Amino acid sequence: MNLAWETFTIQAKHPFKISRSVQESVERVWVRVTEDGQEGWGEADPSPYYGETAATVGYALERLRPPPFRTSTDWRPWSGNCERRSTRTGRRGPP
């Protein structure tokens, strides 16, 4: 599995104004996950209210990045902790 992301800025056509601020642009993060020819995309919207930035999203993604796998079945030992935790809660974990 490969996890990649990039930061980009969206410029507003008109400034977005509310009582406490004005925004003329916003930062977003595109996230891409690929494995065995499959591809998935997502977007992160960092919230300044909670102290989030595109940089903090990148830091979180880096910490969540799974170890490199040689084959699609190599993830099973890594997912074992998730399965054990989910067993305690009564929820079914990964196969």
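Residues numbered from 1 in each chain as written. Predicted model: local features only at pLDDT ≥ 70, side-chain atom pairs only at ≥ 80, totals over all residues. Heavy atoms only, no water.

Observations regarding the packing of aromatic side chains
Stated formally: Here a pair means two rings of Phe, Tyr or Trp (six-membered ring of Trp) with centres within 6.5 Å. Their orientation is stacked below 30 degrees between planes, edge-to-face above 60, and tilted elsewhere. Helix and strand assignments follow DSSP, with helices taken as H or I runs no shorter than four residues and strands as E runs no shorter than two, numbered in order from the N terminus. Each residue is assigned to one of three classes by its accessible area relative to the maximum for its type, calculated with a 1.4 Å probe on protein chains only: buried under 20%, partly exposed between the two thresholds, exposed over 50%.
Evaluated as defined, the whole model comprises three aromatic pairs. Considering the side-chain rings of Phe8 and Trp30, the 5.8 Å spacing of their centres and the 25° angle between planes classify their relative orientation as stacked. You can see Phe8 sitting in strand S1 (residues 2-18) and its partner Trp30 sitting in strand S2 (residues 21-35), a full 22 residues away along the chain. A relative accessible area of 21% means that Phe8 is categorised as partly exposed. Judged by centre distance (5.0 Å) and plane angle (90°), the ring pair of Tyr49 and Tyr50 falls under edge-to-face. Here the aromatic residues Phe8, Trp30 and Trp41 are joined through ring pairs into a cluster of three or more.

Thoughts on the pattern of salt bridges
Stated precisely, the cut-off is as follows: When a carboxyl oxygen of Asp or Glu is within 4 Å of a side-chain nitrogen of Lys or Arg, the pair counts as a salt bridge.
Taken as a whole, this structure holds three salt bridges when the rule is applied. In this structure, the salt-bridge partner of Glu43 is Arg28, at a minimum N-O distance of 3.8 Å. Of this pair, Glu43 sits in strand S3 (residues 38-44) while Arg28 sits in strand S2, and the two are 15 residues apart along the sequence. The shortest N-O distance in the salt bridge between Asp45 and Arg28 comes to 2.9 Å. Residue Asp45 is found in the loop between S3 and helix H1 (54-64), and its partner Arg28 is found in strand S2; the two are separated by 17 residues along the sequence.

Overview of the confidence of the model for the protein
Heads up, the condition is: On a scale of 0 to 100, pLDDT captures the predictor's confidence in every residue. In what follows, a contact means two residues having at least one pair of non-hydrogen atoms within 4.5 Å.
Taken as a whole, the protein shows an average pLDDT of 77; of its residues, 71% reach a score of 70 or greater. Overall, residues 78-95 carries pLDDT values under 50, and its contacts beyond four positions in sequence, including any with other chains, amount to 14 contacts.

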